Amino acid sequence: MEKQDIKSLTLEELTEAIRQMGDKPFRAKQIYQWLHQKLVADFDEMSNLSKPLREKLKEQFVLTALYPADVKISQIDGTRKYLFRLADGNVIESVWMQYHHGNSVCISSQVGCRMGCRFCASTLDGLERNLTPAEMLDQIYRIQTLTGERVSNIVIMGSGEPLDNYDNVIRFLRMITDENGLNISQRNITLSTCGIVPNILRLAEENIQITLALSLHAPNDEVRRTLMPIANRYSLKEILPACQTYFEKTGRRLTFEYSLVSGVNDNLEEAKALTALIKGMHPMKKHYSFVKDNLRNFYTTGFEMNNNISVRTGNEKMGLMLSYGNTSSNGVLPNNADKYERNTLSFRGNMKFGKFAADASITYIRKDMTKAAAGQGNAGATMQHDQIVISKPLLK
C-alpha cells in the first residue's frame, strides 16, 4: 500500500489517522505543530513523541521535505531564487523577496505547465505533474527555515497554472492559513491565473479571501491567442465576467498582469483598447501590472481613478507604482526605457499625470535611496531604491 503524505493531511484527517493507529488523538495536534509550526523535516526531530510512535509514523507516512539544489542571490536587493529538488528527481523554483511590509515567497504549483504561453519558460517542456499540497507548503517552510525569517506574503505565480491543479491548491490555501499552522493571512496571498473560467467561478465560492491576478497580456482575443493558447478556449467576454463575479463574491482586489512584448502588444492602439476593456467593467478595485519585455512606445491612457498602475522593468521585484486621484493618465515612457533592465521608478500621490508640462520628468533609479523628487506642481516621487540614473521628459 502506498504511504500517505502526512504533510498534506489536515488536522482533522491526521487526528483520524492517529486514532486508527491506536494512539491518543491529542498526539495528532502535537505532530501537526511539529510539521506546520516548527517545520521539522524528519520524524526523529519530534522530540516529545515516543520512539515507538515515531517508528509507526515512518511506517505509515511519507514526510515531504524539500532541499535546495541551487540558490541564486541578487546583488541588487538580496532576492533569492531557490531551485528545489523533489523526491522523484524533478525540480521546481521558488523566490524569496524582502519588502518593507514583510517577506514574500513566490511558489510553483506544478512541475512544468501545459498552458503553452509563448512568453513563459515553465511551459517549454509541457506539464510533468501537479505538485502536492505538501510540496507547495514546504517551499514556504524550507525558505522560512533557511532564511530564519517569517514569510508573511505568498504569490502563487511560479511554474504551473494554479487553477489547473485546483484541488491541491485549495487544500494548500486552507492549510497555510490554518491557525494551527503558519496562519498566514488569506489577504496576503495572491493567485495568478491565465483564465480558466470554470475554476475562477469555483474559487469565488470557496469563501477564501485571496487576491486574484489575471494574466491578461492583450486587450483583445485576437492578440491574446497569439500569446496564450488558453484564449482559444476562453474568450475575454467569458474571462472578465468571471473576474467580476470573483470580486462581487469576495470583495477582493483584482490584478491584471500585462507583459509588454515588442511589436506584439505594446502600441498606442492596444493601450487604448486595454483602457476601454478595463473601464468597461463594473466599478471594482483594480491593479494593473505591466512587466517589461519592451517598454518602448507603450502608452497608458484614461485609467479610472483610484487604481494603481505598476511597471516592472526587467526581472527585479519592484517597478513603477502610479497612484492618482480623479484624473486620467496619459504618459509616455522614454525611448530608452528598455536600456535599463533593473531600474525602478516609483511615483505616489495625487497626480495629474496626463497634464504634466514637457519638462516634468520620469526618473530611473536603482539600488537604495531614502527619497528624491521629480516633476513639478503636485507631482512627487518617493524613491525606495537608490540613486538616479537618468531623467527624461514626459511627452505631451
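On a predicted model such as this, the values are computed, not experimentally measured, just so you know.

Enquirer: I tried to follow the overall build of the protein on my own but got confused; where do I start?
Expert: Each helix and strand in the protein was counted, giving 9 helices and 19 strands. Taken across its 396 residues, the protein has 56% of its residues classed as buried. In the protein, once contacts between residues fewer than 6 apart in sequence are set aside, the share between residues at least 24 apart is 61%. In the structure as shown, the protein presents an accessible area of about 18,000 Å², 47% of it carried by carbon and sulfur atoms.

Enquirer: It is not clear to me how the environment of Asn48 should be interpreted in this structure. Could you clarify?
Expert: In this structure, Asn48 sits in the loop between helix H2 (26-36) and helix H3 (51-60). Put simply, Asn48 and Arg27 are 21 residues apart on the chain and 9.6 Å apart in space, counted from C-alpha to C-alpha.

Enquirer: Sorry if this is basic, but what is going on with the pairing of strand E11 (residues 211-215) here?
Expert: Two faces belong to every sheet, and in a regular strand the side chains alternate between them. Of all the 5 residues making up E11, 5 are buried; the element is thus mostly covered by neighbouring parts of the structure. Side-chain alternation along E11 places Thr211, Ala213 and Ser215 on one buried face and Leu212 and Leu214 on a second face that is also buried. Pairing analysis gives 4 bridges linking strand E10 (residues 189-193) to E11, with the strands arranged parallel. Its bridge partner being in E11, Ser192 is matched across the sheet by Ala213. Since E10 and E11 lie parallel, the crossover through helix H6 (residues 197-204) that links them has a hand, and here it is right-handed. In the sheet, E11 pairs with strand E12 (residues 254-260) via 4 bridges, with the strands oriented parallel. From the neighbouring strand, Leu212 faces E12, where its bridge partner is Leu254.

Enquirer: Looking at this structure, I do not really get the packing of aromatic side chains. What am I missing?
Expert: How two aromatic rings sit relative to each other is given by the distance of their centres and the angle of their planes. Taken as a whole, this structure holds 1 aromatic pair when the rule is applied. Ring geometry for Tyr82 and Phe84: centres 5.6 Å apart, planes at 5°, overall stacked. The residues Tyr82 and Phe84 share a single accessibility class, namely buried. If you follow Lys38 out to its NZ or CZ, it ends over the ring of Trp34, 3.9 Å from the centre. The ring of Tyr166 is capped by Arg202, whose NZ or CZ atom sits 3.8 Å from the centre of that ring.

Enquirer: Which parts of the structure should I look at to understand the pattern of salt bridges?
Expert: When their charged atoms lie close together, side chains carrying opposite charge are able to pair. Evaluated as defined, the whole model comprises 15 salt bridges. Of the charged contacts, one joins Arg129 and Glu135 as a salt bridge, the two residues approaching to 2.8 Å between their closest N and O atoms. Taking the relative accessible area as the measure of exposure, Arg129 reaches 22% and is therefore partly exposed. Residues joined by salt bridges that share partners form a network here, namely Asp44, Arg54, Glu55 and Lys58.

Enquirer: What am I meant to see in the nonpolar core here?
Expert: When a protein is soluble and globular, its nonpolar side chains tend to lie buried together. The biggest cluster of nonpolar side chains holds 84 residues, and the ones touching the most others in it are Leu57, Ile140, Ile154, Phe172 and Ile176. Every residue in contact with Phe172, bar those within four places of it in the chain, is listed here: Ile107, Pro133, Met136, Leu137, Ile140, Ile154 and Ile156.

Enquirer: Looking at this model, I keep getting lost on helix H8 (residues 236-250). Mind explaining?
Expert: Two residues of an α-helix separated by three or four positions point the same way, owing to the 3.6 residues in each turn. Look at H8: 21 Å from first C-alpha to last across 15 residues, which is about the 21 Å you get at 1.5 Å a residue. Listed in full, the buried residues belonging to H8 are Leu236, Ile239, Leu240, Ala242, Cys243, Gln244, Tyr246, Phe247 and Thr250. Looking at the packing, one finds that the buried side of H8 touches H6, E11, helix H7 (221-227), E12 and helix H9 (268-279).

So, how was this worked out
Counting restarts for each chain: residues are numbered from 1 in the order of the written sequence. Reporting of local features is limited, given that this is a predicted model, to residues whose pLDDT is at least 70; pairs of side-chain atoms are given and counted only at 80 or more, and all residues count toward the totals for whole chains, interfaces and linings. Each side-chain value is worked out from all heavy atoms of the structure, with water and hydrogens disregarded. Here a strand is any run of E in DSSP of at least two residues, a helix any run of H or I of at least four, and the numbering for each starts at the N terminus. The buried label applies to any residue whose accessible area, calculated with a 1.4 Å probe on protein chains only, is under 20% of its type's maximum; exposed applies above 50%, and partly exposed to all values in between. A contact between two residues is defined here by any heavy atoms of the two lying within 4.5 Å. Per-residue and other accessible areas follow the Shrake-Rupley method at a 1.4 Å probe size, with only the shown protein chains counted as cover for residues. For two strands to count as paired, DSSP must find a minimum of two bridges between them. Seen with its strands pointing away from the viewer, a crossover is right-handed if its path from the first strand over the helix to the second goes clockwise. Geometry of aromatic contacts follows a simple scheme: Phe, Tyr and Trp rings, the Trp one being its six-membered ring, pair when their centres are within 6.5 Å, and the pair is stacked under 30 degrees between planes, edge-to-face over 60, tilted otherwise. Lysine NZ or arginine CZ positioned within 6 Å of the ring centre and within 35 degrees of the ring normal marks a charge as sitting over the ring. When a carboxyl oxygen of Asp or Glu lies within 4 Å of a side-chain nitrogen of Lys or Arg, that pair is called a salt bridge. The nonpolar core is taken to be a set of buried Ala, Val, Leu, Ile, Met, Phe, Trp, Tyr and Cys residues, with the residues joined through side-chain atoms within 4.5 Å. The length a helix should cover is 1.5 Å for every residue beyond the first.

No statement about biological role is implied by the geometric values presented.
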